[in-house]
Amino acid sequence: MDNLLHDGIYDPARRAWFREAVELLGGGREAARQLDITESSIRRLLSDGANSRGIRDGIVRDTRELLRRRAAACQEQADKLIGEG
């Protein structure tokens, strides 16, 4: 268990990053859907409590990819807008 504590998966900065990412993806339910995990899993990933889970590299990698896709979709939509000035 000590290795889990030292490999960064419980790092508060990682959890803060993940919380912000989940908000940008549309909240816990939407993030769970996009990550193909349960809402209860998302809650444990977001929690600081006794039932919290460490945020493993795979979740970070998948979330990062979702954020990049969301950003690209936003950019594409912005580029479609008709300029007003």
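Before any of the text, the structure's been laid out above.
My aim in this report is to walk through the structure given alongside it, one point at a time. The shown structure was predicted, so the numbers you read here are calculated from the model rather than taken from an experiment.

**So, the overall build of the protein chain**
Phase 1 of the analysis: When you go through the protein chain residue by residue, the secondary structure sums to five helices and zero strands.
Phase 2 of the analysis: Along the protein chain, helices and strands appear, N-terminal first, in the series α-α-α-α-α.
Phase 3 of the analysis: Looking at the protein chain alone, contacts between residues at least 24 apart form 67% of all its contacts between residues at least 6 apart.
Phase 4 of the analysis: As displayed, the protein chain offers around 6,100 Å² of accessible surface, 49% of which is attributable to carbon and sulfur atoms.

**Some details on the nonpolar core**
A general trend in soluble globular proteins is that nonpolar side chains are found buried together.
Phase 1 of the analysis: In this structure, F18, V22, L25, A31, A32, L35, I42, L45, I55, I59, V60 and L66 together form the largest nonpolar core, which totals twelve residues.
Phase 2 of the analysis: For this core, the elements supplying multiple residues, two or more each, are α2 (12-24), α3 (28-35), α4 (39-46) and α5 (57-80).
Phase 3 of the analysis: What L66 contacts, discounting residues up to four positions off in sequence, is L25, Q34 and L35.

**Focus on a positive patch on the surface**
Phase 1 of the analysis: Among the surface-exposed residues, R43, R44, R53 and R56 lie close enough to one another that they form a single positively charged patch.
Phase 2 of the analysis: Structurally, R53 can be placed in the loop between α4 and α5.

**Considering the pattern of salt bridges**
Charged atoms that come close allow side chains of opposite charge to pair.
Phase 1 of the analysis: In total, this model carries seven salt bridges according to the counting rule given.
Phase 2 of the analysis: We note a salt bridge from R29 to E39, for which the minimum N-O separation is 3.2 Å. Of the two residues, R29 sits in helix α3 while E39 sits in helix α4, which places them ten residues apart along the sequence.
Phase 3 of the analysis: A residue is classified by how much of its surface remains accessible, and E39, at 34% relative accessible area, is partly exposed.
Phase 4 of the analysis: The structure contains a network of salt bridges with shared partners spanning R15, R19 and D48.

Thresholds applied
- Residues numbered from 1 in each chain as written.
- Predicted model: local features only at pLDDT ≥ 70, side-chain atom pairs only at ≥ 80, totals over all residues.
- Heavy atoms only, no water.
- Helix = DSSP H or I, 4+ residues; strand = E, 2+ residues; numbered from the N terminus.
- Contact = heavy atoms within 4.5 Å.
- Areas by Shrake-Rupley, 256 points an atom, 1.4 Å probe, with all protein chains shown as cover.
- Core = buried A, V, L, I, M, F, W, Y, C linked by side-chain atoms within 4.5 Å.
- Buried < 20%, exposed > 50% of the residue type's maximum accessible area, 1.4 Å probe, protein only.
- Patch = residues over 30% accessible without salt bridge, like charges linked within 9 Å, V, L, I, M, F, W, Y side chains within 5 Å.
- Salt bridge = Lys/Arg side-chain N within 4 Å of Asp/Glu carboxyl O.
- Lys, Arg positive; Asp, Glu negative; His and termini not counted.
- Charge placed at Lys NZ, Arg CZ, Asp CG, Glu CD.

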